[in-house]
Amino acid sequence: MLQFSYSAGTLHAEAVSLAAIAAEVGTPFYCYSSAALEGQYKALDKAFAGLDHLICYAVKANSNQAVLATMARLGAGMDVVSVGELKRALSAGVPAGKVIFAGVGKTRDEMAFAVAQGILGFNVESEPELEALSSVAAELGRTARIALRVNPDVDARTHAKISTGKAENKFGIPFSQAPRLMDRARALPGLSAVGIHMHIGSQITDARLQPFRDAFGLMRDLAIELKGAGHALEHLDLGGGLGVSYKLGNEAPPQPADYATIARETLGDLGLKIVLEPGRLLVGNAGVLVTAVIFVKEGEGRRFTVVDAAMNDLIRPTLYEAHHEVWPVADARRADAPVVQDVVGPVCETGDYLALDRSLPPFGAGDLVAVMTAGAYGAVMASTYNTRPLVPEVLVRGTDWAVVRPRLDVESIIALDRLPDWLAPGQAR
Ligand SMILES: *Cc1c(COP(=O)(O)O)cnc(C)c1O
């Protein structure tokens, strides 16, 4: 399934050499594989065959329009968390009727735009949001379809910063309040309460997928209760969160088929449409970050491989203590005896690293290295910290490739600043 492999001496994305791309676009750059994106989407879609379902790709994981368009052509809907993401999805050709708008802090302006577009629905996270959306929709003379996001208070057994389904997290409505809020939604103008939603966290890899099983079971009970209370439920939105393997070759990723089996067993007989919001699962292993070694620095008892990508390009290692495999682009390097080293960037922060204390080939200046599993929460979380331009993104398809976002240049970043009159050149102090 992995679309990154060695041939003719170098690491390739599908049939394109990463060294060849580097020679044209420079380093660092993100590179995505169309076949990997499509393969993951189709595997999930197939796993849910026979159940009425819609896959709404979570745009926040990787929002490049080329990625969105690839998904859209497969029939995907989108899950967005801001009006910016909604506009991206629309401009990538996704019909508004397939877009779900989630998030705890939607503004009235964002709601109005989305209502006017006629999106598929809103996942509502609180009572004040319910009231605001009702008044916005009623003012526009429209009806907004909503699903209540419930917080099942289950432990997703993932990193604390990406766990969302515990009572102490800011997300969703406590289960016990859901019936009352569905009644409230039914009574308010401008709303049609048609679903319930949950999303318990990200990068869930529990071998038996127990957190999902627990949460889906609770959702089942709630759906039955709400139907009994006369609510015209249409769909259950199971969120995203299915994890991917970050230790390629050493770790079996959770299987979409097992996840679908759990959904089928717990929810399959309810006659409700299933909405899915996978992000990482679809894009995580479809992308790599290619970077070049600038220097190798021998510290006291520690070897630092200093590369030209940094925490501003890929923040996951320092933000989530995430492990990313680091592979040499040159196949021959793999035969060298490994040495323990840190792979670090040029940013002035101790937290600026891509890999710590890792047994890797003895890289030298000029070597290209690929940071694996960088397709999700990579480029989208990049910043220009240290006035480092955002890096290009490249999409490969078979033997073809295209730059799908060019490298920004330093001058255009600097040109965004404005000097107030009193600091303009030539002004007296
Ligand atoms: C982030 C998020 C997702 C996607 O999560 P993944 O772990 O990338 O699958 C889906 N739904 C909601 C509401 C989210 O916040």
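Residues numbered from 1 in each chain as written. Predicted model: local features only at pLDDT ≥ 70, side-chain atom pairs only at ≥ 80, totals over all residues. Heavy atoms only, no water.

Visitor: Could you clarify how one ought to interpret unusual backbone geometry in this entry?
Guide: Excluding glycine, residues mostly have negative phi values, and the peptide bonds linking residues are mostly trans. Geometrically, the link from T27 to P28 is a cis peptide bond, its omega value of -10 degrees lying close to zero. The phi angle at L209 is positive, at roughly 55 degrees, despite the residue not being glycine. Along the chain, L209 turns up in the loop between strand 11 (191-197) and helix 8 (210-228). (Helix = DSSP H or I, 4+ residues; strand = E, 2+ residues; numbered from the N terminus.)

Visitor: Got a minute to help me understand the site of the ligand in this structure?
Guide: Around the ligand lies a shell of 14 residues, among which K60, S202, E277, R280 and Y377 are the nearest. Between H199 and the ligand, the recorded distance is 3.5 Å, taken from a side-chain N or O atom to a nitrogen atom. In isolation the ligand exposes 390 Å². Once the protein is present, 94% of that is buried. Of the residues in the shell around the ligand, the class split is three nonpolar, six polar and five charged. (Near = heavy atom within 4 Å. Polar contact = N/O pair within 3.5 Å; in protein donor to acceptor, adjacent residues only side chain to side chain. Areas by Shrake-Rupley, 256 points an atom, 1.4 Å probe, with all protein chains shown as cover. Nonpolar A, V, L, I, M, F, W, Y, C, P; charged D, E, K, R; others polar.)

Visitor: What is the right way to read the pairing of strand 21 (residues 400-405) from this model?
Guide: A regular strand carries its side chains on alternate faces of the sheet. Sheet topology places strand 20 (residues 393-397) next to strand 21; five bridges connect them, and they run antiparallel. Looking at strand 21, one finds that V396 is bridged to W401. Between strand 20 and strand 21, which pair antiparallel one after the other, the connecting turn spans two residues, and G398 there sits at a positive phi close to 65 degrees. (Pairing = 2+ DSSP bridges.)

Visitor: Would you mind going over the pairing of strand 19 (residues 368-371) with me for this structure?
Guide: For strand 14 (residues 287-299) and strand 19, the ladder comprises four bridges, and the chain directions are antiparallel. When the bridges of strand 19 are listed, A292 appears paired with L368. Strand direction decides the pairing type here: strand 16 (residues 326-328) and strand 19, joined by three bridges, are antiparallel. Counted as the bridge partner of W327 is A370 from strand 19.

Visitor: Would you mind going over helix 8 with me for this structure?
Guide: It helps to recall that an α-helix has 3.6 residues per turn; residues three or four apart then point in one direction. Its 19 residues give helix 8 an end-to-end C-alpha distance of 27 Å, which sits within 8% of 27 Å, the value for a rise of 1.5 Å per residue. Considering only its buried residues, helix 8 is in contact with strand 9 (144-151), helix 7 (178-187), strand 11, strand 12 (235-237) and helix 9 (256-267). Positive backbone phi, at 90 degrees, marks G230, one or two positions downstream of helix 8. (Expected span 1.5 Å × (residues − 1). Contact = heavy atoms within 4.5 Å.)

Visitor: Help me out: how do you make sense of helix 3 (residues 65-73) in this one?
Guide: If you check which residues of helix 3 are buried, you get V67, L68, T70, M71 and A72. Between the side-chain oxygen of the N-cap and the backbone nitrogen of A66 there are 2.8 Å, and the N-cap of helix 3 in question is N64. Note on helix 3: the residue one or two positions beyond its end, G75, has a positive phi of about 105 degrees. (Buried < 20%, exposed > 50% of the residue type's maximum accessible area, 1.4 Å probe, protein only.)

The values reported here are purely geometric and, on their own, carry no functional implication.
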